[in-house]
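Spelled out, the chains give:
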Amino acid sequence: MSKTGNGLALIKAARAQDIPQVRALIEAKTDIETRTTKRHTPLLAAIYGARDESQTECVRILIDAKADVHATDEWDHPAIVVAAKCRHTACGRMLLDAKAHVDDAGEDRMTALMAAGLEGDTKFTRMLLDAKADVNARTENHDIALNMAATGGNLECAKMLLDAKADVNAADEGGGAAIHIAADHGRGDFVQLLLDAKADVNAADRSGYTALIFAARKGHTACAQVLLNAKADVTAVTARDYTALMLASCTQRTDCVHVLLTALLAHAASVNQSQS
């Protein structure tokens, strides 16, 4: 078999977790940096192919054979990010022990901590934080790991990130912060966690959307109530002059409309009283 054929056979064996074949091909001096058309090396294939935390032996063998722990896949994600996306903490530990950098990132600047937050993998998140991962590193879109946790609705990861001093008000290129993401998904418990960490309840993105407006436009009544309890501005308007009440009316969620209308009437009464 040619060197190329041997290399592809090694990739196939690594993905299949075929330990004897991986050992045999390495002993036969097969190129351990051979790549598929998707840019997978045998190490990346082994990580992707592991079905659970018990399937780590092929990864260990390849690392011991000096496989490049910084190799990147077709999305330009390095091995440590791939391990996080696949929720393989044991593989991640091996990579870190082999000097993979905890904040390695590809062109999109996605780090393993961001991937772990998105996946809701608390074990991987804890391991990375203990390894001093940059909790406020940003993607090319300026998201941080906390925003990723908000996207995935992963409350426990968010708690860990906040405890590690994640910037609760960090905003992406469009001005969207974790509180906007959580409100848009109607995650009242997540919103409360962020408020408790001093998130700006009235922060607006570049389109003028506040967290309350995000919650209202999808009829997330309970989430809207959490925000109103924290003094969210019910009169805030978007860049196109939409209010939370106007957008809630479009959802046909009468309960959400009622909550917002009650808050708006209370606000008007308060203004009138202060002016009298």
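Residues numbered from 1 in each chain as written. Predicted model: local features only at pLDDT ≥ 70, side-chain atom pairs only at ≥ 80, totals over all residues. Heavy atoms only, no water.

### A short note on the nonpolar core
General note: in soluble globular proteins, nonpolar side chains tend to be found buried as a group.
Moving on, step 1. Judged by nonpolar contacts, the single largest core of 94 residues is most densely connected at L62, L95, L128, L194, L227 and L260.
Moving on, step 2. Setting aside anything within four residues of it in sequence, one finds L95 in contact with L43, I47, I63, V69, A79, I80, A83 and A100. (Core = buried A, V, L, I, M, F, W, Y, C linked by side-chain atoms within 4.5 Å. Buried < 20%, exposed > 50% of the residue type's maximum accessible area, 1.4 Å probe, protein only. Contact = heavy atoms within 4.5 Å.)

### Remarks on the pattern of salt bridges
Moving on, step 1. One pass over the structure, following the stated rule, counts eleven salt bridges.
Moving on, step 2. Note that R39 is salt-bridged to D76, the shortest N-O span being 4.0 Å. With R39 in the loop between α2 (19–27) and α3 (42–49) and D76 in the loop between α4 (57–64) and α5 (79–85), this residue pair connects regions lying 37 residues apart in the sequence.
Moving on, step 3. Overall, the relative accessible area of 33% leaves R39 in the partly exposed class. (Salt bridge = Lys/Arg side-chain N within 4 Å of Asp/Glu carboxyl O. Helix = DSSP H or I, 4+ residues; strand = E, 2+ residues; numbered from the N terminus.)

### What about helix α14 (residues 221–229)?
Moving on, step 1. Every buried residue belonging to α14 is among T221, C223, A224, V226, L227 and L228, and all of these are buried.
Moving on, step 2. Just downstream of α14 lies K231, where phi reads positive at about 75 degrees.

### A few points about unusual backbone geometry
Moving on, step 1. Of note, K99 is a non-glycine position whose phi angle comes to about 80 degrees, a positive value.
Moving on, step 2. Secondary-structure assignment places K99 in the loop between α6 (89–97) and α7 (112–119).
Moving on, step 3. Of note, the phi angle at K231 is positive, near 75 degrees, even though the residue is not glycine.
Moving on, step 4. One can find K231 in the loop between α14 and α15 (244–249).
Moving on, step 5. When its relative accessible area of 67% is taken as the criterion, K231 is described as exposed.

### Thoughts on α6
Moving on, step 1. Along α6, the residues classified as buried are T89, C91, G92, L95 and L96. On an axial view of α6, the arc spanned by its buried residues comes to 155 degrees, and they lie on one face.
Moving on, step 2. Those residues of α6 hidden inside the fold are in contact with α3, α4, α5 and α8 (122–130).
Moving on, step 3. Directly after α6, the chain includes K99, whose backbone phi takes a positive value near 80 degrees. (Arc of directions from axis to C-beta.)

### Concerning the packing of α3 against α4
A pair of packed helices is captured by two measures, namely the crossing angle of their axes and the spacing between those axes.
Moving on, step 1. One way to put it is that α3 packs onto α4 with a least axis distance of 9 Å and a crossing angle of 165 degrees. Classified by the angle between their axes, α3 and α4 sit roughly antiparallel to one another. In terms of crossing hand, the pair formed by α3 and α4 is left-handed. Judged by residue contacts, P42, L43, A46 and I47 of α3 engage C58, V59, L62 and I63 from α4.
Moving on, step 2. Broken down by class, the residue content of the contact of α3 with α4 amounts to eight nonpolar, no polar and no charged. (Axes fitted to C-alpha atoms, helices over the stretch in contact; angles between N-to-C directions. Parallel < 35°, antiparallel > 145°, perpendicular 65-115°, else oblique. Left-handed = near helix turned anticlockwise from the far one by under 90°. Nonpolar A, V, L, I, M, F, W, Y, C, P; charged D, E, K, R; others polar.)

### Quick word on the packing of helix α10 (residues 155–163) against helix α12 (residues 188–196)
Moving on, step 1. It is at 11 Å that the axes of α10 and α12 come closest, and there the two elements cross at 5 degrees. The angle between α10 and α12 falls in the class roughly parallel. Listed contacts from α12 to L155, A158, K159 and L162 of α10 are D189, F190, L193 and L194.
Moving on, step 2. Of the residues in the contact of α10 with α12, the class split is six nonpolar, no polar and two charged.

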